[in-house]
Amino acid sequence: MITKLQEKRFTYICPAKQIQMFKKVITACILSFYTVFSAQQVRPSKSSEIYRELKTLKHLPKVLYLAAHPDDENTGLLSWLINDKNVETGYLSLTRGDGGQNLLGTEQGAALGLIRTHELLEARKLDGAQQFFTRAIDFGFSKNTTDTFKQWDENSIIADVVWVIRKFRPDVIICRFPPTAAAGHGQHAASAVVAEKAFKLAGDKTAFPNQLKYVNVWQPKRVLWNTFRFGAVNTTAENQLKVTVGQYDAQLGMGYGELAGLSRSLHKSQGAGTQSVAGIKTEYFSHVAGESAKTTLFDGLTKTWTSQGNADIDQSLDKIISTFNFNEPDQSLPALLALRKKVVMLKDSDLKKDKIKSLDNIILSCAGFMGEVVTNQAEAVAGENHNFRLNLISRTANSVVLENVKWLSQSENFNRKLSKDSLITIQHDIQIPTDTALTEPYWLAKPAVNAATFSVPNDTLVGLPEAGSPLNVLLDLKIGLEKFQVKLPLSFKKLDPVRGDVVEALRIVPALELKFTQPLYLVKENEDLHLSLNFKVNSNKQFNNGKVNLLYNGERLGGGDLKSINGKDFTLEYVIPKTQLASIKSNQLQLDANFIADGITYNKKQVLIQYPHLPSLQYFTPATVAVMKGDIQSKAKKVGYLQGAGDFIPEFLRIAGIQVDVLKDEDFYGNLNESAGNGSQNKLSQYDAIVLGVRANNTEKKLGRWMPFLWSYVKAGGNLLMQYNTNQDTTVNQLGMYNFNIANKRVTEENAEVKFLNPNHKLLNFPNKITEDDFKSWVQERGAYFPAQWDVAYEPLFEMHDTNEEPLQGSTLYAKYGKGNFIYSPLAFFRQLPAGNVGAARLFLNFLSAQKN
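Residues numbered from 1 in each chain as written. Predicted model: local features only at pLDDT ≥ 70, side-chain atom pairs only at ≥ 80, totals over all residues. Heavy atoms only, no water.

(A) Summary view of the side chain of Asp665. Among the secondary structure elements, Asp665 is positioned in helix α13 (residues 665-669). One polar contact links Asp665 to Arg705, side chain to side chain, over a distance of 3.1 Å. Reaching out from Asp665, the side chain makes a polar contact with the side chain of Trp706 at a distance of 2.7 Å. Asp665 has contacts with Lys702, Arg705 and Trp706, leaving out every residue within four places of it along the chain. (Helix = DSSP H or I, 4+ residues; strand = E, 2+ residues; numbered from the N terminus. Polar contact = N/O pair within 3.5 Å; in protein donor to acceptor, adjacent residues only side chain to side chain. Contact = heavy atoms within 4.5 Å.)

(B) Geometry of the packing of helix α9 (residues 333-344) against helix α10 (residues 349-366). Their axes nearest at 10 Å, the elements α9 and α10 cross at an angle of 165 degrees. What the angle tells us is that α9 and α10 run roughly antiparallel. The element α9 and its partner α10 pack so that their crossing is left-handed. Side by side, α9 and α10 meet where Leu333, Leu336, Leu337, Leu339, Arg340, Val343 and Val344 of the first sit next to Lys352, Lys355, Ile356, Leu359, Asp360, Ile362, Ile363 and Cys366 of the second. (Axes fitted to C-alpha atoms, helices over the stretch in contact; angles between N-to-C directions. Parallel < 35°, antiparallel > 145°, perpendicular 65-115°, else oblique. Left-handed = near helix turned anticlockwise from the far one by under 90°.)

(C) Just the side chain of Asp688, in detail. Positionally, Asp688 belongs in the loop between α14 (679-684) and β39 (689-692). In this structure the side chain of Asp688 is engaged in a polar contact, spanning 2.7 Å, whose partner is the backbone nitrogen of Lys637. With residues up to four places along the chain from it excluded, the contact list for Asp688 reads Lys635, Ala636, Lys637, Lys638, Tyr713, Asn719, Leu848, Gln851 and Lys852.

(D) Representation of the confidence of the model for the chain. Averaged over all residues, the pLDDT of the chain is 91; the fraction at 70 or higher stands at 94%. Note on residues 1-38: pLDDT is under 50 here. Beyond four places in sequence and across chains, it has 97 contacts. Across residues 671-677 the pLDDT falls below 50, and counting only partners more than four positions away or on other chains, this stretch makes 10 contacts in the model. (pLDDT = per-residue confidence, 0-100.)

(E) Representation of the nonpolar core within the structure. Counting 54 residues, the largest nonpolar core has Phe369, Leu390, Leu402, Leu475 and Leu490 as its most contacted members. For this core, the element with the most residues is α10, which contributes seven residues. In contact with Phe369, not counting residues within four places along its chain, are Val42, Arg43, Pro44, Leu364, Leu392, Ile393, Ser394, Arg395, Leu418, Leu475, Leu477 and Val486. (Core = buried A, V, L, I, M, F, W, Y, C linked by side-chain atoms within 4.5 Å. Buried < 20%, exposed > 50% of the residue type's maximum accessible area, 1.4 Å probe, protein only.)

(F) Highlighting the packing of helix α5 (residues 154-168) against helix α6 (residues 186-201). Their axes nearest at 9 Å, the elements α5 and α6 cross at an angle of 55 degrees. As the angle between them shows, α5 and α6 are arranged oblique. The handedness of the crossing between α5 and α6 is right-handed. Listed contacts from α6 to Glu154, Ile157, Ile158, Val161, Val162, Ile165 and Arg166 of α5 are Val193, Val194, Lys197, Ala198, Phe199 and Leu201. When the residues that make up the contact of α5 with α6 are grouped by side-chain class, the tally is 10 nonpolar, no polar and three charged. (Nonpolar A, V, L, I, M, F, W, Y, C, P; charged D, E, K, R; others polar.)

(G) Quick look at the pattern of salt bridges. Across all of its chains, the model carries 35 salt bridges by this definition. Close ionic contact of Glu805 with Lys143 constitutes a salt bridge, the shortest N to O distance being 2.6 Å. Pair noted here: Glu805 is in the loop between β45 (798-800) and β46 (813-817) and Lys143 is in the loop between β7 (130-133) and α4 (145-151), with a separation of 662 residues, a long-range link. Note that Asp421 and Arg395 form a salt bridge whose closest N and O atoms lie 3.7 Å from each other. With Asp421 in the loop between β20 (410-417) and β21 (423-431) and Arg395 in the loop between β18 (385-393) and β19 (400-407), this pair connects stretches of sequence that are 26 residues apart. Note on Asp421: relative accessible area 48%, which makes it partly exposed. In this structure Arg395 comes out as partly exposed when scored by relative accessible area, which is 32%. Residues joined by salt bridges that share partners form a network here, namely Lys62, Glu88, Asp354 and Lys355. (Salt bridge = Lys/Arg side-chain N within 4 Å of Asp/Glu carboxyl O.)

(H) Spotlight on helix α7 (residues 256-264). Burial in α7 covers these residues: Tyr256, Leu259, Ala260, Gly261 and Ser263. Residues of α7 that are buried in the fold lie against α2 (75-83), α3 (109-127), β13 (248-249) and β14 (254-255).

(I) Main features of the sheet that holds strand β31 (residues 570-576). Taking strand neighbours across the sheet as the criterion, the three strands line up as β26-β28-β31 in an open arrangement whose pairing is antiparallel. Both edges of this open sheet fall to β26 (512-516) and β31, since each of them pairs with a single strand only. Within this sheet the neighbouring strands show an average axis-to-axis angle of 25 degrees, counted without direction. Direction of pairing for strand β28 (residues 529-537) relative to β31: antiparallel, over a ladder of seven bridges. Each residue of the ladder has a partner; that of Asn534, found in β31, is Thr571. (Pairing = 2+ DSSP bridges.)

(J) A look at unusual backbone geometry. A cis amide bond links Phe766 with the next residue in sequence, Pro767, at an omega value of -5 degrees. One can find Pro767 in the loop between β42 (754-756) and β43 (783-790). Phi is positive for Asn526, close to 65 degrees, though the residue is something other than glycine. Its location among the elements puts Asn526 in the loop between β27 (520-523) and β28. For Asn545, which is not glycine, the phi torsion reads 50 degrees and is therefore positive.

Written as structure tokens, this is what we have:
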């Protein structure tokens, strides 16, 4: 909304052009049948990409690849389908990968799912596929479909897959996995189950009839399973349908296998770096449902423009493709505009809508059109005014006319021709509407339905990787005699000294945010709880006569009054008396904070995720904090930590009052007395314990040099705790002083019974007495990658197992070595401690205190 009329400045950034001033003309804008483009910027594709898009426009069949998680997709096959066969292809990942592990940082759960969503989108930019999701949450590893569908609502997930099929309208569906144990993961197998069921229901108008208000039924031709060789598991056979992929593409300058390696390597949070393999290879396919295919994936699909009764469209496309000029793509504009008139006349409304969208993107690219609406601020508050720059340029001598600009709610006529290769900058003040929602992923805007299903505020959003921006400037363009509408989201633009121009979505934030200064607190019995609450002020508005509330289950435990806030960030200290805490029986609390002023409640904290390979990602959670309450003892005072994949444990230890030093190369070699050979040992001996972070053997390439020093530290009386590792990309082969073999053994049921093999063991009794109660309220899993075999020098402490499976004793191994202790524990402390689990904290602190006993 614009509060007053202002002048705007047109800046033509090219020689011999003058700055011209125009007065605002505010008019009503009635939208007609235009195509709407949506992206952070509208930028032209490269000529090679335009050429590929033209060939794809000629092909009507579509393929939907379907699996369970980010990185499950066969990027080599996707790259081949899109770039060699020129077939529009999408990847439907049932989940966003929320339950996995993170090699980049401490993010887990929803935050990790958001990271992996955008890693998939970055991968799709390379291989050219579209990306879809369902509402399913990745709740962690499951061992079969029975376990999976205890968590997932099968009918709900099938409905989402049916919706994507009806909306995308694929002719061929390809599953990555079978519905059997060969899938290797219960969610993998479940993806095959829902794919086949959805295939059979998508064309049935009695199935999920509410969807038919927005989409029509659609029946794909077939479902195939893309069989595989994964390690020792080989599901391929010579009697299966075979397709040769990986061919060299001169326009890409690489083969499709090489492109696939680049695409898959963008799954950085999973450490999924993949070789770019040159040369052809064979992909195998097994029939699942529908009409079988004997020679190609597209057997029996005769869908062409000509077969649809539109031979003139086929002929026009053939001519445009054959005469396409890579150096001057705008020469194709007259023919493309003529083709557009033919496509607009199609009777099939779904086909028309689909192809007009593709064709209009091609037309804008051929015109070399770029558009963006940017400001210098990354964040804004609803109701505020900000200055924006509308940057426009066209690189064609053909007529591109800016007819009208709609600045959110008000329109302005221009009827201005864009001169070739001349950048126009229009400055304009825009008020962010007062009812604008906070910027966050649509699937995180409301609390999840349950631990396995996201809540989506609008069913039509299902399937989308992200929702479009609600804040857009709309351009009405005319190219030739055809009209187009271009949607430009309000964006933030900056010059980064390393990355250059960075353009990201403008992030809408609350006027005031609350955040506890620690992610969790520990308070012992008969102690007051001291809390610090940070107030981040994002607006210049006045907050008068406000009140801070600290709540537990809706009951006020503390807080205070604030007469006014002056626009600066600040932190306040609060104390919850031990007498109030004593009345709370639980030892795991969640406290909520809010601030109420002028009848408005502020209770949000921002979660901002920033990595170089991704745009800035934001969502909001309630201003809460976990509190561990009770008898939590530690005798360790100083700990050395070897970082692995990002985890929260060093921060937890500092909160527990332990000094934590993150060890580096110089800590092993810096004071080494070569003649005595004991300098490093003496330096390490200052630590009550040394802890190896999760997957340290997978991420720390210097570990092989450090291990002898760590063993010497233990032998001299040190205490070494090693957390879980995998067998993927290992640095050293032998992790312990005595050998043990890591296997893909795990206990996924977080409430699985735990048997104490030696209840009197010192690790279970000092300084905290560990009982079965300490294994209550764990989250997601007990642990993963348990050793399957170990030297007799090791003593296992626990036995546990999932339902109907063999007992496992590899969750914690203890060995005495020299004067010291070595502990290998793949229990999921990295999940339990951020969740505020008191029992896990007590057990972990016992491990650190072993040498004090």
